Amino acid sequence: FTSTREMLQACRVLSPVGVRSFRPSLVQRMTFHLTSSCPLSTTRPSMQKTDMLEQLRNIKSLKKPKKPKEEKTPKLSSGVISVDSEGFQELKARVIKLRAEQLDLLGERGVIRDEISVENPADIISSCLKKPFSCEKCGKGYKTQRSLIKHNSEGSKCYIASGPDSESMENLNSEQIKLAEDIKLAAVPVEFKCDDCGKVYGTQSILKRHQLKSVTCQKIKELKGTGQYVEEGSLEGLQASKLFECEFCHKEFKSQSSMGVHQKKNKKCLALRGIVPEQIPTELEQLEGSKSEVHFEKENTPELSEDEFVKQELPLLSSREVDIAEKQEILVAYFDTLVNTGRSRAALEELNFIKSNDDGKDYVGSVLIYDKLLRGFARNNDFGKIQELWKEIVSSGQKPTMDSFVSAMISFHKVDESKNVFKTIFNQVYDDFTQAGFTVEQALNKGNFLFDDKRRFLSVLSNFLPSPLAVPTPEDVAPDIVRSLSSAGATNLESHLESVMERKELEPLLARQLEMESSQTVHIPSIFSTPNSANFRDFTNSLEEVWREAVFEALDKKISSRKKLPIWLRGTTINMHQFLTCVPVEQLTDIIMTTAKDNIQSDNFSLSVPRIISHLGYEVMKAYHTNLKTNDTTNNFSDYLSAVSKYHDWYCSPDPSTPSHRAALQSVTEDQTLDQGYTMWPRSVRTVVGTEMYRILTKEIIVDRDREGSVIIDGKVIDSHGILRKPLQPSSTCPAFFKVFRKRKDNRDVEELKPHPSISTVYEPIAFVDLEFPATDMPMLVPPLPWVSHNTGAYYIQESMLVKNPESAQAEHDALLSSLPPGGLNPVLDSINQLSSVPWIVNKPVLELASKLFLDQSDKQLLSKTDLPLHPDQLLPPTLPDGLQDVLAGRARLTDSQAEEYRNYIHQRSLHTQIKSETFSLWCSALYRLSLANHFQDNILWFPHNIDFRGRCYPLPTQLNHMGADMARSLLVFAKGKKLGKHGFTWLKLHCINLTGTMKRESVAARLEYADSIMPKIIQSATSPLDGERWWLESDDPWQTFSTCVEIKRALEHPGGPEDYTSHHPIHQDGSCNGLQHYAALGRDQLGARAVNLVPAEKPQDVYSEIAAIVDRKREEDSQAGLEIATVLEGFIKRKVVKQTVMTTVYGVTKFGATKQIEKQLKNTEDFPVDLVSPASKYLANKTFESLNELFTASQEIQSWFTECAKIISKDCKSNVTWVTPLGFPVIQPYSSILEKADKTIILDMTSMFKVGRKNKKEVEVKINTIKNRNGFAPNFVHSLDSSHMMLTSMAMWSQGITFASVHDCFWTHPADVEIMNRACRDQFVALHSSPILDDLSEHFLERYLKLPDNLAGKQLKAETLYKLLQARNTEERKREMLFKSLPKKGELDLSVIQDSVYFFS
C-alpha cells in the first residue's frame, strides 16, 4: 500500500474491522481500535503509551534481525495497535495474509502455496502482494500485469513470442497474416472460464463480476433450473433466452435498441467497426453469395438506431500542438499585414524578439511565416536579409516552399544580370528550385503573387535563364463530352453589344462601376415616398454626423493607444492592433456606421450579437484585401485596368482564335496576377477585431432625448409630421442600441442588438424612401470580370467566390477545387462566364404597370391576381366585440362562450401579426426590385453569376435579376435585339399560350390555332391592360403574359411586318418534369421516359395525370375489396391532388412530407369530409408512391441505390457525400457543422500570447449530419446533372453566336433562335446521358470510400481479438464493395429518340 487510507480500505474488505477513530500524523503514525471479533485482538482491553512504544520497538526489531537465534516474534496482547511507517508493513502482512488464507484468494491465484514459508510475515507483502506477476525467464516481479507485458515486449531479452493459433491463422489470407506480424500480441498468463456461458477472462475478479452482472448467465441459470436449457453450447442458450449479443465484443443485451446504443458509444466496438485494412481481401467465406443477397443492408451486422449526427474522425493532437497550430495561423496573418503595408523590417524585428523568447520560439517554427518576410525583402531586393532568413529556414530543419524559391528569385529583379556573381547565385537557387520538384509552370499557376510580383518573377527568369522561357501548354484535361464541343470551333462568335452600344461608351461606365464597388453602400431612390421625408432626411443626416465623429475619435484613440508594443512585451505577444491599423480609420468608421444603420432599418429581424461581431470582423478583413488590390504604388492597379480595357475590346469584337471570355482575359494578363492569393484572417482574429468594433458601436453611438423621449440634435427635436421644435427639458442621454435575448433554435436564448425605440421613430418615415444596398447587390454597368479561378471573377474590386457554401464547408470545397489540375475547372468557368456576359435592359411597360399597381393599393383583387403584396398597413387587425370589451374593461368574470370568443380573438391577433410580418417582407422585396429597375431603366445591365455546391447557377445580385417569380422574369429583356425572321413570330405566339397554362395537354398546332383565335384579346391586353376583358390576368403567369402580349402587338404594328421586327423578348423552353427526365434517362426506363416526354408523341404527356390515373385505379381495386377510405375518395383524386408529391419525389420527399402535401390539397377540396382528411392523405400518399414505383421502376431503383450509398458514406465512413459532375466539377454536400470553442486568451490587448494556453483545449469537432446526407444526395445529384446539361447547352449556343440565358431547367433565347436552341438542348442531353454517369459514380465511391486508414499498427492485441478485427473490417469492406458495384439494371430506352421529341423541352 502507498498510504494508510488504502490499507484501511483493504481491512474493511478482508476482515470485519470496525474503524472507530482515525488520526494520521505527519510521521505516518496512526491509532485505530479493533473489535473483539478481529483475529488480531485479545481480551486485554487496552495498553499504556509506554507499552505501545515497546511493542513498536519489538516490531521494528523484526525487520532485519542480526542474529537468528535472538529473533523473537512479538506477542500482540492489546486491542490497540500503534505503528509507524516501518512497523506498518507487518500489520498489513498479518491482516491481509490471514484474511486471504480464509478467503483462499491468494491461493487461487497461485501466490500462497504450501511450499512457501517466510520467517517474517511482513515479507509476504513484497513476495506476494506487491509484485504478484513474475517473469517466467528472469523471475523478476511486477505489481501489474501490464508492467509484466511491457517487460516481455518485443526487443527485450525476455521477449516471449506469441500469436494466433494455427486454426485462426489458416482463416487469414496472406495480407492479413502480414498485418498480424506487425501487431504486437499480448501474453495471457492465466485464463478463467465462466461455467455458464463459456467466456474466458484474464482474472478471477473480472469473472466474478461477470457472473454477478451478466444477464446471459442469469438467464442460463434460470433455464437450467427449469430444464429448458439447451446443452449443445452457450450460443443456443443465448438464442433461447432471446437476448441480443454484440457481434464485436459479445456483450449481451435485453433489447436490440440497447445493443445499438452500446455499439454507438462503446469505444471498443467503435474501434472494431471502424478499422479496415489497406487492401481488399481476396476471399471471405462469410460473404459468399450473389450481389442480390445484399439488398443494400448490413445483413450480418445488427441494425443500429439512426443517428442524426456522427462525429468525423480527426487526427488526435495534444493541447500544445493545437495551440501552436492556431497561433501560427494568427502569426501568418499578422506578418502578412506588416509586410504588405511596407513594414518588412518591423516584421523581422518582431520575429527575432519572439524567437528569443523560450515560450515563443516554437510558435514561429513555420515556413509560412518566413515566406511572408522573404517576399517583403524580395520586393526591396535585400539580398542580405534573404540569405539570413534562408539560413534560419534550413538550420531549423524546415523545408522551403515553392513561394520561398519564388521570393528568392524575385530579389534578383534589379541586379545587373551581366555580373557572374549574380548569375552563379541565381543558378544555384534555380537548381535547388528544380531539384525540390518545382517547375516554372507550377509557380505561375499555384504561386502566391501580389502587386507586381508576377511581372518581376517573369522578368528575372527571362534575364537569367540561358534560353527564352517556354512555359509548356497545359494538358487538356477537359472531359470528352466538353472536348467534342471545343472541336466544333467558335467561328460564329458574335458580340453581345452589336447594335446596343459603341465601345467608347464602356469607359465612363467602367469608372462609374469602380466607384460603386469602392463604396461601402450604394444609395438608390425609392419609388415610394412619404410626406416631409426631406425634413426627416436632414435630421437623420445631422444625427449620423455626430455619431460618425464619435466613432472616428474612439477608433483613432484605440489605434493610437498601441501603435507599438511596449518594450517589456516584445517577444511575449504581438500587437493585435495591427489588424485595425492596416485599414484607414475612415473605412473602419464607414463599416461601423453601415452596420448601425442596417440594424436600425431591419425592424422585423435582428442579427444576433455573435453574427454582428463576425460580420464586422469580416468586413475589416475584406477592406484590407480591397486596399491591397487597388494599391497602385507599383502601377499594378493601373496595369490591371489597362488589361480590363483590352478585354472589353475583345468583348465588343470577339476573336475566334480566343474562343472564351476566360481565355480572352488571360491572354491580356499573362504578366499580371488575376488570381491573387490573399491571406484569410483566422476566425479568432476576425472575432477580436469584430468585438472591438462592436464595443465602439454600442458605446459611442448615443442619443440625447428630451422629457418626452424625442431625439435631440442641434438643439431641436422632430415630431411625427416632420416639424422641428425645441426639446422639453430636462434632457437625458442613453445608448442608441440595447440588447435583448430571444429564443432561437433548440430553445436557446440568443443575444440580439435592437435600436432604441426613439431612434426607430426618427428613421421610420424615411426607411423606404432612401434605399441603401451593398455594391454586390447591384447589377453591373459593364461586362463582369470573367471567372479565371474559383476565387477570382465577377466584380472588378469586390471579393466574390465562385461556389456559394456555408462557412463550415467553404475550406473543404476550396481544397477540392484547388487540387484540380490546371484547366480542370475551365468548362464550368466558361459556361458561367457565358451566362454572365449577356446584357439586359429593363422592360419598361411592365415596370410602369407594376409600379402603378404597387403604389396604388386600391384594388386588392387586382393585386392578388398579379401577385403584388399589400402594404402591411392595409391589413386590419381583428377587433373585440363591444360587449366583450365592456366585460374586460370591468374585469368581470367571463362566461364560457365569452372565454371561447376571447380565445378566438387572441388566436386571430397572433395570426394577424404573423401574416403582417410575412406581408411586410414581401412588400419590401417588391419595393426593392421595382426601385432598382426604375433607377437603372435607362442602363444596359449585366448580372455576374456564381454556382452553389451542386453546380446550379445563380445571379450574384439578389434583388434584381431575371431569376425569380413571374414579375421578376418579366422585368428584364435582352439588351441585344434580333429580327423575328421566318419563324420568330410563331414562337412568340406559342410562348404566349404556353404561359397561360391552359393548353398543356394540347399539340403545338392546336395551341397556335387558339392563339390566332384570341388575337383580339391579346392586342386588347397589351393596349389597355386594366380595361376590357383583361385576358392576361387569367394566365398562370400574368406579368410574362402581359409582356408577351405587348411584344406581339409591337410586331404586328411594325411597318416592315413581323418578320422584320427586332425583338428583345426572351422565349422560354421548359423541361417536362426535368428531374424525372434525368432519372428515366439514367435508367433507360422506357415507360417512365414516355411519361415525361423523352419519347416522341403527337401530344405532350402529362405525368401528373398519369400518376393520378394509376392511383385512382388502385383506389378502385381497394374499394371493391371493401376498404372504406378508398370508397370515400371516389371522384376526389384529381391531378392537382398528387401533382406536388410527384414533382417533389425526385427531390427526396418522404411519405410524411407527401402526406402533408396531399392533406393540404384535400382540405381545399370542396365537399370532402373534413374528419377523413388525415386517413385519406396517408392512404393517397402510399398509393402515390406505389404508382410512382410502377411507372418509374428504374428511377425508384436508382434513387434507392443513391440513398443506401449515402447512408453508408455518411454514417460508417463519417464523411459528407462527394462526387464529380460529368463536366469535372467536384461536389461535396455541406451537411456538417464545426464545433470549436473560442480561445478567450486571444484579445486585442493581449500581453502574453505564448504562455497562456487554452485550458482543456480540444481538437475541432466536425459533426456530419447523416440524415441530410442520406435524404439530400439523390436530389442534389440530379440537380448537378441538370446544371451540367444547362452548361453544355450554353457552351454550344455561345460557339454558334446565339444569346442564351437560363433559369435552371428553363432555357431562354431570342424567338428567331428557338429551333437552334432546341436542337442544342437535345444534342447535349443525349451526349450527357451517353456518358457512363452511374459507372463513374460507382468508381468514385470505390476509390474514395472503400478503403479506410489502418490504425492497428503498434497496438497490443490478443490473437483472438486481432482475428475478429480483421474479419469484421473485411466483412464491412466487402459489403461496401458489393453495394457500390450493385448498379441498378438499365432498361432498353434508345436515347436517340429524344432528338425527335417535340415536347421534351417546350
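That block above? That's the structure.
Predicted model, so just to flag it, every value in this text is computed and none were measured.

Novice: Is there a simple way to explain the nonpolar core in this structure?
Specialist: Nonpolar side chains tend to gather and get buried jointly when the protein is soluble and globular. One finds Trp-1039, Leu-1094, Val-1103 and Phe-1202 to be the most contacted residues of the largest nonpolar core, which totals 205 residues. With twelve residues, the single largest contributor to this core is helix α51 (residues 1266-1295). When near neighbours in sequence (up to four residues on either side) are disregarded, Leu-1094 contacts Gln-1077, Ala-1080, Ala-1081, Ala-1089, Phe-1325, Leu-1389, Val-1393, Ile-1394, Ser-1397 and Phe-1400. Phe-405, Tyr-624, Met-693 and Ile-696 belong to the second-largest nonpolar core, a separate cluster that totals 108 residues.

Novice: I'm lost on the pattern of salt bridges in this one. Help?
Specialist: When their charged atoms lie close together, side chains carrying opposite charge are able to pair. Within the structure shown, the criterion is met by 52 salt bridges. Here Glu-494 and Lys-976 are joined by a salt bridge, their closest N and O atoms 3.2 Å apart. With a gap of 482 residues between them, Glu-494 in the loop between α22 (480-487) and α23 (506-518) and Lys-976 in the loop between β26 (972-974) and β27 (978-979) connect regions that are remote in the sequence. Among the residues examined, Glu-494 registers a relative accessible area of 32% and is labelled partly exposed. Through salt bridges that share partners, Arg-375, Arg-379, Asp-403 and Asp-453 make up one connected network.

Novice: Help me out: how do you make sense of the packing of helix α18 (residues 402-410) against helix α19 (residues 420-435) in this one?
Specialist: The description of two packed helices rests on the angle between their axes and on the distance between the axes. In the contact formed by α18 and α19, the axes pass within 10 Å of each other and the chain directions differ by 165°. The angle between α18 and α19 falls in the class roughly antiparallel. In this structure, α18 crosses over α19, and the sense of that crossing is left-handed. Contacts from Met-402, Phe-405, Ala-408 and Met-409 of α18 reach α19 at Phe-426, Val-429, Tyr-430, Asp-432 and Phe-433. Of the residues belonging to the contact of α18 with α19, the class tally is eight nonpolar, no polar and one charged.

Novice: Looking at this model, I keep getting lost on the packing of aromatic side chains. Mind explaining?
Specialist: Geometry of an aromatic ring pair is reported as the spacing of the ring centres plus the angle between the planes. Per the stated rule, a full pass over the model turns up 50 aromatic pairs. Seen from their ring centres, Phe-412 and Phe-464 are 5.6 Å apart, and the 75° between their planes marks the pair as edge-to-face. Pair noted here: Phe-412 is in the loop between α18 and α19 and Phe-464 is in helix α21 (residues 453-464), with a separation of 52 residues, a long-range link. You'll find Phe-412 and Phe-464 in the same group, each marked buried. Residues Trp-1219 and Phe-1277 carry aromatic rings whose centres are separated by 5.8 Å and whose planes lie at 55° to one another, so their mutual orientation is tilted. Linking Trp-1219 in strand β30 (residues 1218-1220) with Phe-1277 in helix α51, this pair joins segments that are 58 residues apart in sequence. The class of Trp-1219 is buried, set by a relative accessible area of 1%.

Novice: Help me understand the sheet that holds strand β24 (residues 945-948), please; the structure alone is not making it clear to me.
Specialist: In a beta sheet, neighbouring strands pair by backbone hydrogen bonds and run either parallel or antiparallel. One open sheet holds the three strands; their spatial order is β21-β24-β25, and the pairing between them is mixed. Here the strands that pair on one side only, and so sit at the sheet edges, are β21 (803-804) and β25 (953-955). Inspection of the sheet shows β24 paired to β25 by three bridges, in the antiparallel sense. When the sheet's bridge partners are listed, Ile-947 is paired in β25 with Cys-953. Strands β24 and β25 of the sheet are contacted by helix α33 (residues 826-836), whose axis makes an angle of about 130° with β24.

Novice: I keep staring at a negative patch on the surface and nothing clicks. Help me out?
Specialist: A cluster of acidic residues, Glu-545, Glu-549, Glu-553, Asp-556 and Glu-586, forms a negative patch on the protein surface. Among the elements that make up the negative patch, the one with the highest residue count is helix α24 (residues 533-560) (four residues). Position of Glu-545 among the secondary structure elements: in helix α24. Classification of Glu-545 as partly exposed rests on a relative accessible area of 44%.

Novice: Sorry, what's going on with the side chain of Asn-1269 here?
Specialist: The residue Asn-1269 is located in helix α51 in this model. At a separation of 3.1 Å, a polar atom in the side chain of Asn-1269 contacts the main-chain amide nitrogen of Val-1217. Ignoring sequence-local partners within four residues, the contact set of Asn-1269 consists of Ala-1206, Ser-1210, Ser-1215, Asn-1216, Val-1217, Gln-1229, Tyr-1231 and Ile-1264.

Novice: Any chance you could explain the sheet that holds strand β22 (residues 839-842) here in plain terms?
Specialist: Pairing within the open sheet is antiparallel, and its three strands lie in the order β23-β22-β26. The open sheet has two edge strands with one neighbour each: β23 (941-942) and β26. Summarising the sheet, β22 and β26 pair through three bridges and their orientation is antiparallel. When the bridges of β26 are listed, Trp-840 appears paired with Phe-974.

Novice: Whenever I open this one, the pairing of β22 confuses me. Can you help?
Specialist: Along any regular strand, the residues point their side chains to alternate faces of the sheet. With two bridges connecting them, β22 and β23 associate as antiparallel partners. When the bridges of β23 are listed, Pro-839 appears paired with Trp-942.

Novice: I tried to follow the side chain of Ser-1187 on my own but got confused; where do I start?
Specialist: Mapped onto the elements, Ser-1187 comes out in helix α49 (residues 1173-1191). According to the relative accessible area criterion, Ser-1187 is buried, its value standing at 0%. Ignoring sequence-local partners within four residues, the contact set of Ser-1187 consists of Ile-1107, Ile-1110, Val-1111 and Lys-1114.

Novice: Is there a simple way to think about the environment of Ser-542 in this case?
Specialist: Structurally, Ser-542 can be placed in helix α24. Note: C-alpha distance between Ser-542 and Ile-713 (171 residues apart in sequence) is 7.1 Å. Here Asp-538 takes part through its backbone oxygen, which lies 3.1 Å from a polar atom of the side chain of Ser-542.

Novice: Where do I start with unusual backbone geometry in this structure?
Specialist: Excluding glycine, most residues fall at negative phi; most peptide bonds, likewise, are trans. For the bond from Gln-729 to Pro-730, the omega torsion is 5°, close enough to zero to count as cis. Residue position: Pro-730 is located in the loop between β14 (724-725) and β15 (732-735). Despite not being glycine, Arg-1030 shows a phi value in the positive range, around 50°. Along the chain, Arg-1030 falls in the loop between α41 (1015-1023) and α42 (1038-1053). Residue Arg-1030 is classed as partly exposed on the basis of its relative accessible area, which comes to 25%. Positive phi, normally seen in glycine, also occurs at Lys-1214, with a value near 55°. Summarising the element assignment, Lys-1214 is placed in the loop between α50 (1193-1212) and β30.

Conventions adopted
- Residues numbered from 1 in each chain as written.
- Predicted model: local features only at pLDDT ≥ 70, side-chain atom pairs only at ≥ 80, totals over all residues.
- Heavy atoms only, no water.
- Core = buried A, V, L, I, M, F, W, Y, C linked by side-chain atoms within 4.5 Å.
- Buried < 20%, exposed > 50% of the residue type's maximum accessible area, 1.4 Å probe, protein only.
- Helix = DSSP H or I, 4+ residues; strand = E, 2+ residues; numbered from the N terminus.
- Contact = heavy atoms within 4.5 Å.
- Salt bridge = Lys/Arg side-chain N within 4 Å of Asp/Glu carboxyl O.
- Axes fitted to C-alpha atoms, helices over the stretch in contact; angles between N-to-C directions.
- Parallel < 35°, antiparallel > 145°, perpendicular 65-115°, else oblique.
- Left-handed = near helix turned anticlockwise from the far one by under 90°.
- Nonpolar A, V, L, I, M, F, W, Y, C, P; charged D, E, K, R; others polar.
- Phe/Tyr/Trp six-rings, centres within 6.5 Å; stacked < 30°, edge-to-face > 60°.
- Pairing = 2+ DSSP bridges.
- Patch = residues over 30% accessible without salt bridge, like charges linked within 9 Å, V, L, I, M, F, W, Y side chains within 5 Å.
- Areas by Shrake-Rupley, 256 points an atom, 1.4 Å probe, with all protein chains shown as cover.
- Lys, Arg positive; Asp, Glu negative; His and termini not counted.
- Charge placed at Lys NZ, Arg CZ, Asp CG, Glu CD.
- Polar contact = N/O pair within 3.5 Å; in protein donor to acceptor, adjacent residues only side chain to side chain.

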